[in-house]
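Here are the chains, one letter per residue:
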Amino acid sequence: MNTLTRVKIGYAVLSSALGLTLSAHSYGAIDPAKMDGSDTAKIEQNMASQVQPNIIVIMTDDQGQWTVGAYGNEAVQTPNLDYMAKTGVMFENAMTPAPVCSAARASFQTGKTPSQHGVHDFLSSEKDSPEWLKGETTLGQRLQQEGYKTAMLGKWHATEEFENPPVRGYDRWFSHNSYTEQSWINSYIHMGEVHWNIDGKKVTLPGTQSRYLTEEAVKFMDSSGDQPFFINLNYTEPHFPFDDFPERLVARYRPIAQEMIAKGGSSDLLKNTDYNLVPEDHEERLAQYLAGVSLIDDNIGRLLDAIDSRGLADNTVIIFLSDHGLLMGQYGVYGKVNATFPYNFYEETIRVPFIVKGPADLVQPRQVRGEFVDLLDLDKTILDFAAKKDETPQETGGPGASLRPLLLGKREVNWRNLQFSERGNGRMVTNGRWKLVRYYKKDQTPIDHWYDLSHPMGERYISTPPREAVQTLLISALETHFATYSTPEHDGKHVWDQPPLNFGSERLREKAMWQ
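1. Brief notes about the overall build of the protein chain
So, step 1. The helix and strand tally for the protein chain stands at 16 helices and 18 strands.
So, step 2. Buried residues in the protein chain amount to 60% of all 515 residues.
So, step 3. Excluding contacts between residues fewer than 6 apart, the proportion of contacts in the protein chain whose partners are at least 24 apart in sequence is 72%.
So, step 4. Carbon and sulfur atoms make up 50% of the accessible area of the protein chain, which amounts to about 19800 Å² in all.

2. Description of the sheet that holds strand β15 (residues 419-423)
So, step 1. Strand order in the open sheet made by the four strands is β15-β16-β17-β18, with antiparallel pairing throughout. Where the open sheet ends on each side, the last strands, each with one partner, are β15 and β18 (446-452). Adjacent strand axes in the sheet meet at a mean angle of 15 degrees when their direction is disregarded.
So, step 2. By the bridge criterion, five bridges tie β15 to strand β16 (residues 426-430) in an arrangement that is antiparallel. By the bridge assignment, F420 is partnered in β16 with V429.
So, step 3. Each of β15, β16, β17 (434-440) and β18 is contacted by helix α15 (residues 468-484), which is oriented at about 55 degrees to β17, the strand it contacts most.

3. Focus: unusual backbone geometry
The general pattern is negative phi for most residues beyond glycine and trans for most peptide bonds.
So, step 1. Between E237 and P238 the backbone carries a cis peptide bond, its omega angle lying at 5 degrees.
So, step 2. Relative to the assigned elements, P238 resides in the loop between β7 (229-234) and α9 (247-253).
So, step 3. Here the bond from F341 into P342 is cis, since omega is 0 degrees, no more than 30 degrees from zero.
So, step 4. Looking at where P342 falls in the secondary structure, it is placed in the loop between β12 (340-341) and α12 (347-350).
So, step 5. At D390, a position not held by glycine, the phi torsion is positive, near 65 degrees.
So, step 6. Along the chain, the position of D390 falls in the loop between α13 (375-386) and α14 (404-407).

4. Things to note about the confidence of the model for the protein chain
So, step 1. Here the protein chain averages 87 in pLDDT, while 84% of its residues score no lower than 70.
So, step 2. Within the model, the stretch residues 1-36 combines pLDDT values under 50 with 53 contacts to residues more than four positions away or in other chains.
So, step 3. Across residues 38-43, where pLDDT falls below 50, the model places eight contacts with residues more than four positions away in sequence or in other chains.

5. Side note on the sheet that holds strand β6 (residues 201-205)
So, step 1. Spatial strand order, β6-β5-β4-β3-β7-β1-β9-β13-β2-β14: 10 strands in an open sheet with mixed pairing. The open sheet has two edge strands with one neighbour each: β6 and β14 (367-373). Direction aside, the axes of adjacent strands within the sheet are offset by 20 degrees on average.
So, step 2. Where strand β1 (residues 54-60) meets β7, five bridges bridge the pair, whose relative direction is parallel. Within β7, the position partnered with I55 by the bridge is F230.
So, step 3. Sheet strands in contact with helix α8 (residues 209-222) are β1, β3 (149-154), β4 (172-176), β5 (194-198), β6 and β7, and its direction is about 180 degrees off that of β7.

6. Structural notes on the packing of α8 against helix α11 (residues 282-309)
So, step 1. It is the contact of α8 with α11, at a shortest axis distance of 10 Å, that shows an interaxial angle of 15 degrees. Between α8 and α11, the angle falls in the class roughly parallel. Seen along the crossing, α8 lies across α11 with a hand that is right-handed. Seen from α8, the contacting residues are S210, R211, T214, A217, V218 and M221; seen from α11, they are L295, I296, N299, R302, L303, A306 and I307.

7. Things to note about the nonpolar core
Note on soluble globular proteins: their nonpolar side chains tend to be buried together.
So, step 1. Counting 75 residues, the largest nonpolar core has F91 and F354 as the members making the most contacts within it.
So, step 2. By size, the runner-up hydrophobic cluster in this structure holds 22 residues, among which are A98, F122, F345 and F372.

8. Regarding the pattern of salt bridges
So, step 1. Scanning the entire structure with this criterion turns up 30 salt bridges.
So, step 2. Residues E216 and K219 are paired through a salt bridge, measuring 3.6 Å at the closest nitrogen-oxygen approach. With a gap of three residues between them, E216 and K219 both fall in helix α8, about one helical turn apart.
So, step 3. Since its relative accessible area comes to 10%, E216 is described here as buried.
So, step 4. One salt bridge connects E347 with R351, and the closest N-O pair in it is separated by 2.7 Å.
So, step 5. Judged by its relative accessible area of 15%, E347 falls in the buried class.
So, step 6. Given the relative accessible area of 17%, R351 is considered buried.
So, step 7. Among the charged side chains, a network of salt bridges with common partners joins D61, R105, K155 and D323.

Definitions and cut-offs
Residues numbered from 1 in each chain as written. Predicted model: local features only at pLDDT ≥ 70, side-chain atom pairs only at ≥ 80, totals over all residues. Heavy atoms only, no water. Helix = DSSP H or I, 4+ residues; strand = E, 2+ residues; numbered from the N terminus. Buried < 20%, exposed > 50% of the residue type's maximum accessible area, 1.4 Å probe, protein only. Contact = heavy atoms within 4.5 Å. Areas by Shrake-Rupley, 256 points an atom, 1.4 Å probe, with all protein chains shown as cover. Pairing = 2+ DSSP bridges. Axes fitted to C-alpha atoms, helices over the stretch in contact; angles between N-to-C directions. pLDDT = per-residue confidence, 0-100. Parallel < 35°, antiparallel > 145°, perpendicular 65-115°, else oblique. Left-handed = near helix turned anticlockwise from the far one by under 90°. Core = buried A, V, L, I, M, F, W, Y, C linked by side-chain atoms within 4.5 Å. Salt bridge = Lys/Arg side-chain N within 4 Å of Asp/Glu carboxyl O.

This is the structure in structure tokens:
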């Protein structure tokens, strides 16, 4: 029985339950606004009888929430993402649990915080690297246990097991080969020859790498047979280097780059290196960066068309998000958490786009949700979707919560009202008005930076602390959260005692805020 047959059976079950006549095309177009409470209840009652949905997670690299039209930046052309937002669920307050690539991706793969899994920074491509995520079960492995056929396409970077495909739960492995003369930069060649590791075989392909990955995703859909599929589609765009993007896209943004983010920003935090300062050719680099965003949007359109043309839209959940945000001149720097010293947790660094589209019995369309959500919640949500009938979803041991009630349009009054993030010995908690960034010195003495997010200057200056009750609440919440979701061997408060993660680790340890 193929996927389309299983979906048709799902139509019949739903149709019988609701007393509706549904075609394969009308099923995905159910209008929740026209449903009464009993209809919604019937859909929820029948969810257990539905087949497991196909799941596609599209994760971009270094893409801030501020780069998507649907989030309010009308100057950036992202029509396909805007379409997903209008016909799905857009999370306004989506953030990363770790604003640096490897740490965020390891958190998504494990459902745990960096202080639980031990990857606190980006990883270098070293053959003698420690066995990162040793003993951890990845999302791919968990989904295989649920009967899914799984694919990892594009950037992995949750560990350093690049040379041979890691036995990490993926039936299809199409990722970068970092053991080449180009080293790590190979992953970020947007157009040109890219060296790939395809199920253990070394292959070099010319062209636009995002296009290859999209085509591979479509091929994997076609090869899934009767199994539900999970595709982890990880584009490296719009990550540095900010050049070699299609000229047709760059040309859109050159005339308006200076208007979007002008030179001249500053803040209380020091630059990390000269490399993080706004370059002389800022407008060109920003135009290239935004061209990378539009390039991915083009590919998302191709992917959506492929899903529709195969009759898969009525049983496929598509999630779009980024690993973390990026500063492109805001506050006078380029980069992410490590653009400044001490590390910043600016809104532009931690906020990510997060959009979910799927069949109406799983994702009530046309929603804009204001709850705090992150990659750890997504991990838990995917396991919730994947659980078989009458099965309890697998637990990861992390702090994430399933988003399914929110996706179904429920009014949640008990959802968390705080969001956390970390990078090494720096940790953050915010309630949306106040933000506390706490740095721990080697002797465990804390240094606190408070930010009033309602201030017209944003986070340019460290604020006077809030009233005592707010301080007590946020400090207590931060300490309790990380005491609960840390392990002694990986706790970021003791990062000095852990293996170096990259070529810059020793230099960073010498900085004053690390002593």
